[in-house]
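Below, each chain spelled out in residue letters.
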Amino acid sequence: MIRLHHVPMARSFRILWLLEELGLDAEIALYSIRDGSLRAPDYLGRAPVGRVPALDIDGISIFESGAITQYLCERHPEAALAPMPGTPDRVRFLEMLGFAETMASLVEQLNLNHIFLRDPSQASPVVVKLNTRRLEMTLAALEHLLGDQDYVLPSGFSAADTMMGFNMLAVPFYAHLDPFPAVTAYRDRIMARPAFQRAQSRDGEQDFYDRPFYPIPGT
Ligand SMILES: N[C@@H](CCC(=O)N[C@@H](CS)C(=O)NCC(=O)O)C(=O)O
């Protein structure tokens, strides 16, 4: 049995969705970022810094969403969700796995400042502004990369999109998408995929965002 260690609306959604795209049955072990369960010794044995996702599969446990994504693509070459080494889209695919994390790490900084600080007055408006602007830069880059493509690779849907997909859920809490029409259309397109919708129906209730948008303090 495959088991996904998951927090609703977190990077583990990438894997939840990819498993659906691959038609793989998986059990979900649910955690919360707030209750300390990710720091339990048993969980740290799977994911050494207590983050999700981790995936139990084939008698091993894997952490890091990019590594899990590559492993699942290699395990299921028939699904053709990753261009193979030596094929034209391979470099772009690898870039996008990393770029999805560049974007997600900016969301993470904003989560820390806006949501997870115990004393919200400790949030730094300068750091929030800087990270928001850097996040907008990643959106501008994605807008340019997409151009008139449907997905991040010219050849069509791939596991680079399941990596980027979680970002499309989280980014709108901190950056407006209106200036980025290709990104907006991309977000609508991925959310319309049946596998995305099945993943969303299994995602669970998130317990951190409590409003639709978090502006830079003082703006
Ligand atoms: N680079 C890692 C990042 C994983 C990560 O930071 N996950 C967040 C949720 S989106 C987490 O588990 N945070 C818990 C914590 O920081 O305590 C990956 O892509 O798997």
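See the structure shown above.
Residues numbered from 1 in each chain as written. Predicted model: local features only at pLDDT ≥ 70, side-chain atom pairs only at ≥ 80, totals over all residues. Heavy atoms only, no water.

1. Points about the packing of helix α1 (residues 12-22) against helix α6 (residues 159-170)
Packing of α1 against α6 brings their axes to within 8 Å, and their N-to-C directions diverge by 135°. It follows from the interaxial angle that α1 and α6 lie oblique. Two packed elements cross with a definite hand, and for α1 against α6 that hand is right-handed. From α1, Phe13, Arg14, Trp17, Leu18 and Glu21 reach across to α6, where they touch Ala159, Asp161, Thr162, Met163, Gly165, Phe166, Asn167 and Leu169. (Axes fitted to C-alpha atoms, helices over the stretch in contact; angles between N-to-C directions. Helix = DSSP H or I, 4+ residues; strand = E, 2+ residues; numbered from the N terminus. Parallel < 35°, antiparallel > 145°, perpendicular 65-115°, else oblique. Left-handed = near helix turned anticlockwise from the far one by under 90°. Contact = heavy atoms within 4.5 Å.)

2. Digging into the layout of surface pockets
In this structure, the largest pocket spans a volume of roughly 690 Å³. Around the largest pocket, the lining comprises 28 residues; the ones closest to its centre are Arg11, Ile33, Gly50, Arg51 and Glu108. Among the elements that line the lining of the largest pocket, the one with the most residues is helix α4 (residues 90-116), at seven residues. Class assignment for the residues of the lining of the largest pocket results in 16 nonpolar, six polar and six charged. Residue contributions to the lining of the largest pocket reach at least three from each of two domains, namely domain 1 (2-79) and domain 2 (90-192). (1 Å grid on protein atoms, 1.4 Å probe; cavity = no way out; pocket = protein on both sides within 12 Å on 5 of 7 lines; lining within 4 Å. Points joined across faces, edges and corners; volume = space filled by probe spheres on them. Nonpolar A, V, L, I, M, F, W, Y, C, P; charged D, E, K, R; others polar. Domains from an automatic or database assignment.)

3. Some remarks on the environment of Pro125
Structurally, Pro125 can be placed in helix α5 (residues 125-146). In the structure, Pro125 is positioned 92 residues away from Pro217 in sequence and 5.8 Å away in space, judged by C-alpha atoms.

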